[in-house]
Structures are given as structure tokens and as C-alpha cells.
Amino acid sequence: ERLRQWVLALMQPHLSDQVGSGMLLALTLGVRSGLSADQRQVLAATGTSHLFAISGLHIGLAAAAFGLLFAALWRRIPRLCAVYPAQMAGACAGLLLALLYALISGFELPAQRALIMLAIGVMALLWRERIPPLQVLALAMLVILIRQPSAPLEAGFWLSFTAVAAIFALMPHLSGRDWLSQAIILQCGVSIALYPLLMMFGMPGSLLGPLINLLLIPLFGLLIVPLSLLGVLL
């Protein structure tokens, strides 16, 4: 928490635009207090609130980008490659960055789930083992329940695990399809899976959400989130 507040204090003098600053803090540090009531209402109505919470998407993107960059640099030094494979080194580096990012962002349940799944994936890579995706998800749930038995009382617990489970269930139906069809199937399938949970927790569901997310998730994932994190580092 002290590290998070230190980063926040460094950022504050450079944030003059009230509209953009609240979104930037939510995207990078998980600090949502800067979002106005109107912004929250628009995000809820469009089903895009998850884009401004530190989720598995953010953690995974940060880990993948840093891991690939670290592995590329590692390959340029033959002596290091002779001691340890670049792919393994990149995976470990990506996991360490994911841990730091998850801690700075407040270590919410979706971030915990993503971090644990990444850790299991890296261990499987190091041990050259193949673990079925649903087993990875189940292990992550078990660790979170041991660490925080009250987690099922939070909406984020159910929404996070259900979304990933829906993605894993849909994966076999994506082979042989073009990327647009895959994106539509994934987005519609996840939205349908989450809708009953949103109703159960009294959260608004958006009929336009699947279409809007189909456009915004790639935009945020490939452009806005990486540039926001780079801006914070600089």
C-alpha cells in the first residue's frame, strides 16, 4: 500500500485533466475514486466497467509484454542462453512483473486469480508439464479460498472465475474459424454466462455490452493499457 501511494503521489502533479486522470488512475493503479458519477453510469450502462478495474486482462498483458521483451534481450547474450533458456527466463520475468503489478493495483480478487494462474503456468513450463486449463483455474480457486474463505461473498470472485471458465469452455468451438468469428463467439458466450450473476448481485447488465466490448477490448488491450502503463513508468 505504501508503494502504491508513492506511485500515486508521483503521478498526481502530472494529472491536470480531471476526466482523463480518473480513468488513467483506474487503468494503472486500480484507484477508481477519481471516476465521476457520470463516468460510472456510462461504464455500467455499456458493460465496460471491467475495463477500468485491474483484471486478468491487465495482469496478463503486462506479464506477456515484459516477458517477451526480457526473453528477446536474453537471447542477445549467448552466455546467458547457455546457462538458462531465454523462454524460461522471460516467463519468470513476466511473472515477477505480474506480481508487482498485482500488488500495486490493490491485489483484488481478479488480479489474484490471474497471478495464481500465471504462476501455475510458469511452473508447468519450468517442469515441462502440461496442465489442463480447467485444472489451472480450479487450483487458482482453491488457493484463493484457502487464503480468503470469505471470497465467495464478493461479486468479483464469481464474475472473474465464471468469465475464464466460459472462455475455456468455448475454446474447442473456435478452431477453424476466422478471428472475427472467434471474437464474436467469445464475447457473446462470456456475456451470456455472466448475465445471471450480474442479476443475482443487483448489477446492471447491458444488451449493447457484447458489441461495445467487441470493439473496446482489443483497443484497450493492444493500445490504451500498454501506453498507460508505459506512461506511468516514464
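In what follows, the structure referred to is the one given above.
Bear in mind the structure is a predicted one, so any value in this text is a computation, not a measurement.

Peer 1: Which parts of the structure should I look at to understand the overall build of the protein?
Peer 2: Check the secondary structure of the protein and you find eleven helices and zero strands. For the protein, the succession of helices and strands along the chain, N to C, is α-α-α-α-α-α-α-α-α-α-α. Radius of gyration (C-alpha) of the protein: 19 Å, near the 17 Å computed for a compact globule of 234 residues. Considered along the principal axes of its C-alpha atoms, the protein spans approximately 55 × 50 × 40 Å. For the protein, with 234 residues in total, the buried portion stands at 36%. Averaging the coordinates of the 12 positive side-chain charges in the protein and doing the same for the 7 negative ones gives two points 13 Å apart.

Peer 1: Is there a simple way to think about the nonpolar core in this case?
Peer 2: Here is a general trend for soluble globular proteins: nonpolar side chains tend to be buried in one another's company. Ranked by internal contacts, the top residues of the largest apolar core, which has 19 residues, are Phe52, Ile59, Tyr101 and Phe220. Counting only elements with at least two residues in this core, the list comes to helix H2 (18-29), helix H4 (56-75), helix H6 (86-104), helix H7 (109-126) and helix H11 (209-233). Apart from residues no more than four positions distant in its own chain, Phe220 is found in contact with Leu27, Leu51, Phe52, Val225 and Pro226. By size, the runner-up hydrophobic cluster in this structure holds twelve residues, among which are Ile116, Met117, Leu137 and Ala151.

Peer 1: Looking at this structure, how should I read helix H3 (residues 37-46)?
Peer 2: Given 3.6 residues to a turn, an α-helix orients residues that are three or four positions apart in the same direction. Regarding H3, the residues found buried are Gln39, Leu43 and Thr46. Buried residues of H3, seen end-on, are gathered within an arc of 75° and therefore sit on one face of the element. Residues of H3 that are exposed and point more than 90 degrees away from the buried face comprise Ala37, Asp38, Gln41 and Ala45.

Peer 1: Can you walk me through a nonpolar patch on the surface in this structure?
Peer 2: Together, Leu219, Leu222, Leu223, Leu227, Leu230 and Leu234 line one region of the surface with nonpolar side chains, adding up to about 650 Å² of accessible area. Along the chain, the position of Leu219 falls in helix H11.

Peer 1: Can you walk me through the packing of H6 against H7 in this structure?
Peer 2: For any two helices packed against each other, the geometry comes down to the angle between their axes and how far apart the axes lie. Running from amino to carboxyl end, H6 crosses H7 at an angle of 165°, the nearest separation of the two axes being 10 Å. In terms of their interaxial angle, H6 and H7 are classed as roughly antiparallel. Where H6 crosses over H7, the two elements pack in a sense that is left-handed. Contacts from Gln87, Met88, Ala91, Cys92, Leu95, Ala98, Leu99 and Ala102 in H6 reach Ala111, Leu115, Leu118, Ala119, Val122, Leu125 and Leu126 in H7. When grouped by side-chain class, the residues that make up the contact of H6 with H7 number 14 nonpolar, one polar and no charged.

Peer 1: Got a minute to help me understand helix H8 (residues 133-147) in this structure?
Peer 2: Between the first and last C-alpha of H8 there are 21 Å, a value that for 15 residues agrees with the 21 Å anticipated at 1.5 Å per step. Inspection of H8 places Val136, Leu137, Ala140 and Ile144 among the buried residues, and these make up the whole buried set. Taken end-on, H8 shows its buried residues confined to a sector of 100°, consistent with a single buried face. Opposite the packed face of H8, turned more than 90 degrees from it, sit the exposed residues Leu134 and Ile146. Against H7 and helix H9 (155-170) lie the buried residues of H8.

Peer 1: Mind showing me how you'd approach the packing of aromatic side chains here?
Peer 2: Considering all chains together, one arrives at five aromatic pairs under this definition. Where Phe157 meets Trp158, the ring centres are 5.2 Å apart and the plane angle is 90°; that geometry is what we call edge-to-face. Geometrically, the ring pair formed by Phe157 and Phe161 is tilted, given 5.0 Å between the ring centres and 50° between the ring planes. Here the residue Phe157 and the residue Phe161 both occupy positions in helix H9, the gap between them amounting to four residues, near one helical turn. Across this residue pair, the class does not change: Phe157 and Phe161 are buried. Taken together, the ring pairs connect Phe66, Phe70 and Trp74 into an aromatic cluster.

Parameters at a glance
Residues numbered from 1 in each chain as written. Predicted model: local features only at pLDDT ≥ 70, side-chain atom pairs only at ≥ 80, totals over all residues. Heavy atoms only, no water. Helix = DSSP H or I, 4+ residues; strand = E, 2+ residues; numbered from the N terminus. Rg over C-alpha atoms; globule rule 2.2 N^0.38 Å. Buried < 20%, exposed > 50% of the residue type's maximum accessible area, 1.4 Å probe, protein only. Lys, Arg positive; Asp, Glu negative; His and termini not counted. Charge placed at Lys NZ, Arg CZ, Asp CG, Glu CD. Core = buried A, V, L, I, M, F, W, Y, C linked by side-chain atoms within 4.5 Å. Contact = heavy atoms within 4.5 Å. Arc of directions from axis to C-beta. Patch = residues over 30% accessible without salt bridge, like charges linked within 9 Å, V, L, I, M, F, W, Y side chains within 5 Å. Areas by Shrake-Rupley, 256 points an atom, 1.4 Å probe, with all protein chains shown as cover. Salt bridge = Lys/Arg side-chain N within 4 Å of Asp/Glu carboxyl O. Axes fitted to C-alpha atoms, helices over the stretch in contact; angles between N-to-C directions. Parallel < 35°, antiparallel > 145°, perpendicular 65-115°, else oblique. Left-handed = near helix turned anticlockwise from the far one by under 90°. Nonpolar A, V, L, I, M, F, W, Y, C, P; charged D, E, K, R; others polar. Expected span 1.5 Å × (residues − 1). Phe/Tyr/Trp six-rings, centres within 6.5 Å; stacked < 30°, edge-to-face > 60°.

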